[in-house]
Amino acid sequence: MKAITLFLAIAPLLAGLAGNAEAQRKAKPRDAMKLSPPVKVGPSDIGGVVSGEKGPEAGVWVIAETTGLPTQYAKVVVTDDKGRYMIPGLPKAKYSLWVRGYGLVDSAKVPAMPGKIVYLTAVAAPSPKEAAQYYPAQYWFSLLRVPESSEFPLGPVASQGQWLNTIKTGACQSCHALGTPGMRTVPKIFTEKGDSAEAWRERLKSGGAMALMARDIGRLDGERAIKLFAEWTDRIAAGELPFAQPERPKGVERNVVLTLWDWSQPTAYLHDAVSTDRRNPRVNAGGKLYGSPEDSTDYVPVLDPKRNSADELFHAVRDPDTPSSKDNPFGPSAVWGPKPIWDSRTLNHNPMMDEKGRVWFTSRVRPNKNPDWCKGPEHPSAKAFPLAGEANRHLSMYDPKTGKWTLISTCFPTHHLNFARDADQTLWTSSGVAGPGVVGWLNRRLYEQTGDEAKAQGWTALVLDTNGNGRRDEYVEPDQPVDPAKDKRVGYALYAVAVSPADGTIWGTATGYPGAVIRVVPGADPANTALTEVYEPPAPIAFGPRGGDVDASGVYWVSLASGHLGSFDRRKCRVLNGPQATGKHCPEGWTLYAFPGPQLRDVRTPGSAEASYYVWVDWYGVFGLGRNVPIAMGNLGDSIYALVDGSLLTFRLPYPSGLFPKNVDGRIDDPKAGWKGRALWTTSGTRTLFHNEGGKEMRHKAVKIQLRPDPLAR
């Protein structure tokens, strides 16, 4: 086989990241000592002033990084309005220090030690082109031409909103961001195949996700989409730059402190991480973090933030015949060559921690085909709704105290999971983007008492109360019309899943266009009594739910592919059940908040090019912005967004560029230590880390996000 040319599609960014030597030679900042009074540093701090040709540089990042600890470590802060910075609480090591900011190129790295004041020189970008290399992916993605709404239907796509849903978090950008260096350029291995459109056809057949890419391009008018992608990268190659520019952090956005540790493997990718019990953020105080590497590997990454070290745990399966992702369809990679780099049997997707500090995962433990008892009349749930098909993920639990794994086979597929607050410690699960139309659960108390996985699990069909009598009755099937005398089953697959702290109901999302928010009231015997409610977002303005969470008042918050943070308040609904209550019956329950950043330029409806993956509600005010604050992921914006007093605040995660956080959780390590004793935690969540800053040599980051009272707090 002809040797594959190694291509790191990050050349424009690397050129900027290396700094512009000529620009740095020309930079002649004023005497930094005259710009502002010096900051006070302790023995574990580095502080100083950042200045440029025109004086102090406000709202830029100062990054301190070291390889002198067990795993690579970095800390990032933002300068105040006088250009001052304070990097607190650094472990003893030798650091490299540099400045990054919008309108700049990276400054030269300078050596630094804790306990010192270091004055830094910011370097203005020599041109808009160099400046744009540091913009988040959203600003490049917004250049993509989108078919006008008047052109639809196009092939299988009925509307512009449906097209956007697929190109955003409904498919493509649930895995990685369009607009990163590796996506806005096309590797030579593909361009050698023909014109730009042919190059894109080849790139869609590349790597271990080729089957998914083929599926998703098929959801669009494929050839038209490929031509639009090709034209997008051609225009960028010819020099076109983003039409909008990101703002520097301002106000409270400058108070953020980021700490980053390397973990996992360069060939792996992570879905998300967990640090504590969702229901009690004091669980596992100061303890280890655990990640979920999904289809990439069976080695679960573990971070010890106290020792600044990273390790891995091997997650086994029960059956040696369990298939592996390495056997999936594969095309030669422009970065990794002709052989697959992913090898996972467990497909370990999402972790949650219980009150004992044990880590629960949605992971595969056996071949997909369900055992016969899943469809037999002996099991209560199987009697009510048999599951004769397959479950591609099940459940597992790791106990850090014993170092042992528990593997639990389920009849229902699992994807996300969340614990209820009930006496049974019920663990509720979703099934992902597809499934048999059920929501499943594990009675953890019963399982721990008996060890009987069949007896302890259950599931229920999703049944609407369309006859309006307040109880579950005989129902018609999803493909049958509503019968006012009966209820109606719906075939939705829950993607997200959350348990309301207000009333114990189960909430989730159904992906697609327009998609829906789902509420399930379990009742006394969920397999037979659970009732479901379905609420569609108000398309064509809002559509495409992905991840969501429910707040302490029972309001559901969701990321929408339309570029909105959506809020659904069921208390506003005029109709809750009956023959009209099939999804479109409560537009009055919705409130929309457009995400920051530009909209795609051919899209006339309000919203944003942002493709946010998930929302997490800060029930306990861990981050420091107050209780019950929704926090949405800025997957294309290198950020997390927090909704405070009706406005979205942007907290950037600028290093490494393209971090792509998929979720956060919040932990309190020391309730008496103020901001230093609490943090949000996340991890890089892209499947294509090699498309971003650092290329194939970059490792994933576990990220601690803290908010101090001001940019100089120590």
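The following refers to the structure shown. As the structure is a computational prediction, the values presented were derived from the model and not from experiment.

**Describing the overall build of the protein chain**
From N to C terminus, the protein chain includes 15 helices and 41 strands. Against the compact-globule benchmark of 27 Å for 714 residues, the protein chain has a radius of gyration of 25 Å, which places it among compact chains. Projected onto its principal axes, the C-alpha coordinates of the protein chain cover approximately 80 × 60 × 55 Å. When the 714 residues of the protein chain are sorted by exposure, 62% land in the buried category. Summarising the internal contacts of the protein chain: among those between residues at least 6 apart in sequence, 64% fall at separations of at least 24. Of the roughly 25,900 Å² of accessible surface on the protein chain, a fraction of 52% belongs to carbon and sulfur atoms.

**Some thoughts on the state of the cysteines**
Within the structure shown, the criterion is met by 2 disulfides. The residue that forms a disulfide with Cys374 is Cys411, at a sulfur-sulfur distance of 1.9 Å. Classification of the bridge connecting Cys374 and Cys411 rests on its S-S torsion, roughly -75°, and on that basis the disulfide is left-handed. Note that Cys374 is positioned in the loop between β18 (359-363) and α12 (380-384) and Cys411 in the loop between β20 (404-408) and β21 (417-419), a separation of 37 residues in sequence. Accessibility expressed as a relative area gives 1% for Cys411, which makes it buried. The residue that forms a disulfide with Cys573 is Cys586, at a sulfur-sulfur distance of 2.1 Å.

**Describing the pattern of salt bridges**
According to the stated counting rule, one finds 43 salt bridges in the structure shown. The partner of Arg219 in a salt bridge is Asp216, and the shortest N-O contact between them spans 3.6 Å. Of this pair, Arg219 and Asp216 both sit in helix α10 (residues 210-219), 3 residues apart, which is roughly one turn of that helix. As a salt-bridge pair, Arg444 and Asp354 come within 3.7 Å of each other at their nearest N and O atoms. Of the two residues, Arg444 is situated in helix α13 (residues 444-450) and Asp354 in the loop between β17 (351-353) and β18; the sequence distance between them amounts to 90 residues. Look at Arg444 and you get buried, because its relative accessible area is 2%.

**Topic: the side chain of Asn350**
Structurally, Asn350 can be placed in the loop between β16 (309-314) and β17. One polar contact links Asn350 to Asp272, side chain to side chain, over a distance of 2.9 Å. Among residues more than four places away in sequence, those in contact with Asn350 are Asp272, Ser292, Trp360, Phe361, Thr362, His415, His416 and Leu417.

**Digging into the packing of aromatic side chains**
Counted by the stated rule, this structure contains 28 aromatic pairs. Members of the aromatic cluster, joined through ring pairs, are Trp507, Tyr535, Tyr556, Phe568 and Trp590. Over the face of the ring belonging to Trp140 we find Arg184, whose NZ or CZ atom lies 4.1 Å from the ring centre.

**Concerning helix α6 (residues 160-167)**
In terms of burial, α6 is largely enclosed, as 7 of its 8 residues are buried. By the burial criterion, the buried members of α6 are Gln160, Gly161, Trp163, Leu164, Asn165, Thr166 and Ile167. On its buried face, α6 sits against α5 (137-141), α10 and α11 (222-237).

**Overview of the sheet that holds β20**
The strand order across the open sheet built from 4 strands is β17-β18-β19-β20, with neighbouring strands paired in antiparallel fashion. Strand pairing shows two members of the sheet lacking a second neighbour, β17 and β20, which therefore form its edges. Strand-to-strand twist in this sheet, taken as the mean axis angle between neighbours without regard to direction, amounts to 20°. Strand direction decides the pairing type here: β17 and β18, joined by 3 bridges, are antiparallel. Paired with Met352 across the bridge in β18 is Trp360.

**A short note on the pairing of strand β35 (residues 615-618)**
Neither face of β35 is left uncovered, since the one carrying Val615 and Val617 and the one carrying Trp616 and Asp618 both have all their residues buried. Relative to strand β36 (residues 629-634), β35 runs antiparallel, the two being bridged by 4 bridges. Within the sheet, the bridge partner assigned to Trp616 lies in β36 and is Ile631.

**Description of the packing of helix α9 (residues 196-203) against α11**
Contact geometry of α9 with α11 gives a least axis separation of 8 Å together with a crossing angle of 110°. One way to sum up the angle between α9 and α11 is to call them roughly perpendicular. The crossing of α9 and α11 is right-handed. Packed against α9, whose contacting residues are Ser196, Ala197, Trp200 and Arg201, the element α11 presents Glu223, Ile226, Phe229, Ala230, Trp232, Thr233 and Asp234 at the interface. In terms of residue class, the contact of α9 with α11 is built from 6 nonpolar, 2 polar and 3 charged.

Thresholds, definitions, all that
Residues numbered from 1 in each chain as written. Predicted model: local features only at pLDDT ≥ 70, side-chain atom pairs only at ≥ 80, totals over all residues. Heavy atoms only, no water. Helix = DSSP H or I, 4+ residues; strand = E, 2+ residues; numbered from the N terminus. Rg over C-alpha atoms; globule rule 2.2 N^0.38 Å. Buried < 20%, exposed > 50% of the residue type's maximum accessible area, 1.4 Å probe, protein only. Contact = heavy atoms within 4.5 Å. Areas by Shrake-Rupley, 256 points an atom, 1.4 Å probe, with all protein chains shown as cover. Disulfide = S-S within 2.5 Å. Salt bridge = Lys/Arg side-chain N within 4 Å of Asp/Glu carboxyl O. Polar contact = N/O pair within 3.5 Å; in protein donor to acceptor, adjacent residues only side chain to side chain. Phe/Tyr/Trp six-rings, centres within 6.5 Å; stacked < 30°, edge-to-face > 60°. Lys NZ or Arg CZ within 6 Å of the ring centre and 35° of its normal. Pairing = 2+ DSSP bridges. Axes fitted to C-alpha atoms, helices over the stretch in contact; angles between N-to-C directions. Parallel < 35°, antiparallel > 145°, perpendicular 65-115°, else oblique. Left-handed = near helix turned anticlockwise from the far one by under 90°. Nonpolar A, V, L, I, M, F, W, Y, C, P; charged D, E, K, R; others polar.

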